[in-house]
Amino acid sequence: MSGENNPGTPETGGQARKPFILERPLWRGVFNGVVLTLVMIGAQYQGWLGPNTELTGEDVYRAVVYGLVFGGVMYIYTSWRVRRQGRAADAAAKAARESVESRLPDSDEK
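The shown structure was predicted, so the numbers you read here are calculated from the model rather than taken from an experiment. (Residues numbered from 1 in each chain as written. Predicted model: local features only at pLDDT ≥ 70, side-chain atom pairs only at ≥ 80, totals over all residues. Heavy atoms only, no water.)

## Some remarks on the pattern of salt bridges
Two side chains with opposite charge may pair up if their charged atoms get near one another. Under the defined criterion, the tally for this structure stands at 2 salt bridges. Between arginine 62 and glutamate 58 there is a salt bridge, and its shortest N-O distance comes to 2.9 Å. Taken as a pair, arginine 62 and glutamate 58 lie in helix 2 (residues 57-103) at a separation of 4 residues, close to a single helical turn. The shortest N-O distance in the salt bridge between aspartate 59 and arginine 62 comes to 3.3 Å. Pair noted here: aspartate 59 and arginine 62 are both in helix 2, with a separation of 3 residues, about one helical turn. Residue class for aspartate 59 comes out buried when judged on its relative accessible area of 16%. Owing to a relative accessible area of 33%, arginine 62 belongs among the partly exposed residues under this scheme. (Salt bridge = Lys/Arg side-chain N within 4 Å of Asp/Glu carboxyl O. Helix = DSSP H or I, 4+ residues; strand = E, 2+ residues; numbered from the N terminus. Buried < 20%, exposed > 50% of the residue type's maximum accessible area, 1.4 Å probe, protein only.)

Rendered as structure tokens:
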């Protein structure tokens, strides 16, 4: 997955593409939290987590809480990663700009 500062592809004419919905931090956190909740409920119902296959309200509550916590962690991680990639792209662009400017001849025009 790429961050929001993606310079684009040749097909888009070099324009930055809009990130897919699951590349956005909020939606990634929501999606991961919901999926974890559903997997935990399904695993409890199927008996993958132990011999007791009865699904109680406490099991559903626990799965929802774990899903919320995991979704929050994924939101924080994705936000951090997008910001880090943006800063790295900005630093690389600045370094490239400075490199090109240092190779240009001095101009006496005013």
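## Comments concerning the environment of tyrosine 66
By the secondary structure assignment, tyrosine 66 is in helix 2. Placed 29 residues apart in sequence, tyrosine 66 and threonine 37 show a C-alpha to C-alpha distance of 7.0 Å.

## Some details on helix 2
Here helix 2 is 47 residues long and its end C-alpha atoms lie 69 Å apart, about the 69 Å a rise of 1.5 Å per residue gives. Those residues of helix 2 that are buried are in contact with helix 1 (25-46). (Expected span 1.5 Å × (residues − 1). Contact = heavy atoms within 4.5 Å.)

## Observations regarding the packing of aromatic side chains
Applying the stated criterion to the full structure yields 1 aromatic pair. When the centroid spacing of 6.0 Å and the interplanar angle of 40 degrees are considered together, the rings of tyrosine 77 and tryptophan 80 count as tilted. In this pair, tyrosine 77 and tryptophan 80 are both assigned in helix 2, 3 residues apart and thus about one turn of the helix distant. (Phe/Tyr/Trp six-rings, centres within 6.5 Å; stacked < 30°, edge-to-face > 60°.)

## Quick notes on helix 1
When the terminal C-alpha atoms of helix 1 are compared, their 31 Å separation across 22 residues agrees well with the 32 Å that a helix rising 1.5 Å per residue should span. Among all positions of helix 1, only Pro25, Arg28, Gly29, Asn32, Gly33, Thr37, Ala43 and Gln44 are buried. Mapping the buried residues of helix 1 onto a view down its axis gives an arc of 160 degrees, with all of them on the same face. Of the residues in helix 1, the exposed ones pointing more than 90 degrees away from the buried face are Leu38 and Tyr45. Downstream of helix 1 by one or two residues, glycine 47 has phi in the positive range, about 90 degrees. (Arc of directions from axis to C-beta.)

## Quick look at a nonpolar patch on the surface
Together, Phe20, Ile21, Leu26, Trp27, Val30, Val34, Leu38, Tyr75 and Ile76 make up a nonpolar patch on the protein surface, roughly 900 Å² of accessible area in all. Looking at the nonpolar patch, the elements that each hand over two or more residues are helix 1 and helix 2. By the element assignment, leucine 26 lies in helix 1. (Patch = residues over 30% accessible without salt bridge, like charges linked within 9 Å, V, L, I, M, F, W, Y side chains within 5 Å. Areas by Shrake-Rupley, 256 points an atom, 1.4 Å probe, with all protein chains shown as cover.)

## A look at the packing of helix 1 against helix 2
Contact geometry of helix 1 with helix 2 gives a least axis separation of 7 Å together with a crossing angle of 150 degrees. Regarding the angle of helix 1 to helix 2, the classification is roughly antiparallel. Handedness of the helix 1/helix 2 crossing: right-handed. Contacts between helix 1 and helix 2 involve Pro25, Leu26, Arg28, Gly29, Asn32, Gly33, Leu36, Thr37, Met40, Ile41 and Gln44 from the former and Asp59, Val60, Ala63, Val64, Tyr66, Gly67, Phe70, Gly71, Met74, Tyr75, Thr78 and Ser79 from the latter. Tallied by class, residues from the contact of helix 1 with helix 2 come to 12 nonpolar, 9 polar and 2 charged. (Axes fitted to C-alpha atoms, helices over the stretch in contact; angles between N-to-C directions. Parallel < 35°, antiparallel > 145°, perpendicular 65-115°, else oblique. Left-handed = near helix turned anticlockwise from the far one by under 90°. Nonpolar A, V, L, I, M, F, W, Y, C, P; charged D, E, K, R; others polar.)

By themselves these figures say nothing about function.
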